[in-house]
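What the coordinates show
Here are the chains, one letter per residue:
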Amino acid sequence: AFGGDPQLKFMLQWMACTVSGREMLYFPFGDPRMAQLESAVAKWSGFTVGDAWHQLLQRHATQPPKRDAVFWKYDAPAAQR
């Protein structure tokens, strides 16, 4: 799903859980593309879902089509942290 991009999948699920008021349990099962997950969560915490959605759209549109990146592609913008 989502083109095999676990980082995008995580962000979309996290936003959906936030909007619906549900707890999210996420298991990356050792996927190296998710190695920076805790850092990414810390950086995105405090953003509204709307702000995160708009930033995600921008970042996803500018990402290369490679889905095997091990760095976190959807970093939160520094100006809004």
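Residues numbered from 1 in each chain as written. Predicted model: local features only at pLDDT ≥ 70, side-chain atom pairs only at ≥ 80, totals over all residues. Heavy atoms only, no water.

1. Brief notes about the overall build of the chain
Short version of the rule: Each helix corresponds to a stretch of at least 4 residues labelled H or I by DSSP, and each strand to a stretch of at least 2 residues labelled E; elements are numbered beginning at the N terminus. Any residue under 20% of the maximum accessible area for its type is buried, any over 50% is exposed, and the rest in between are partly exposed; the area is computed with a 1.4 Å probe on protein chains only. Two residues qualify as a contact provided that any one of their heavy atoms is within 4.5 Å of a heavy atom in the partner residue.
Across its full length, the chain holds 3 helices and 0 strands. Start at the N end of the chain and walk to the C end: the helices and strands fall as α-α-α. Across the 81 residues that make up the chain, the buried fraction comes to 31%. For the chain, the proportion of contacts with a sequence separation of at least 24, taken over those separated by at least 6, is 68%.

2. Some details on the environment of Phe-47
Assignment of secondary structure puts Phe-47 in the loop between helix H2 (37-44) and helix H3 (49-61). Linking Phe-47 and Ala-76, residues 29 residues apart in sequence, is a C-alpha distance of 8.9 Å.

3. Here we look at the confidence of the model for the chain
What counts is decided by this rule: For every residue, the pLDDT score states the predictor's confidence, bounded by 0 at the bottom and 100 at the top.
Looking at the chain as a whole, the pLDDT averages 84, with 86% of positions reaching at least 70. Within the chain, the element-level pLDDT minimum falls on H3, averaging 90, and the maximum on helix H1 (residues 6-20), averaging 93.

4. Description of the pattern of salt bridges
Keep this limit in mind: The salt bridge definition used is simple: a Lys or Arg side-chain nitrogen within 4 Å of an Asp or Glu carboxyl oxygen.
The full count for this structure, using the stated rule, is 1 salt bridge. Asp-31 is paired through a salt bridge with Arg-33; the nearest N and O atoms lie 2.7 Å apart.

5. Focus on the nonpolar core
Put simply, the rule is: For our purposes a nonpolar core is just a set of buried Ala, Val, Leu, Ile, Met, Phe, Trp, Tyr and Cys residues, chained together by side-chain atoms within 4.5 Å.
Judged by nonpolar contacts, the single largest core of 14 residues is most densely connected at Phe-10, Met-11, Trp-44, Leu-56 and Trp-72. For this core, the secondary structure elements donating two or more residues are H1, H2 and H3. Element by element, the count of residues in this core is highest for H1, at 4 residues. Not counting chain neighbours up to four residues away, the residues in contact with Trp-44 comprise Met-11, Trp-14, Ala-52, Gln-55, Trp-72, Tyr-74, Asp-75, Ala-76 and Pro-77.

6. Remarks on the side chain of Gln-55
The test is simple: By the criterion applied in these results, polar contacts are pairs of N or O atoms within 3.5 Å in which, for protein atoms, one can donate a hydrogen and the other can accept it, and in which residues neighboring in sequence qualify only through two side-chain atoms.
Note that Gln-55 resides in helix H3. Reaching out from Gln-55, the side chain makes a polar contact with the side chain of Arg-59 at a distance of 2.5 Å.

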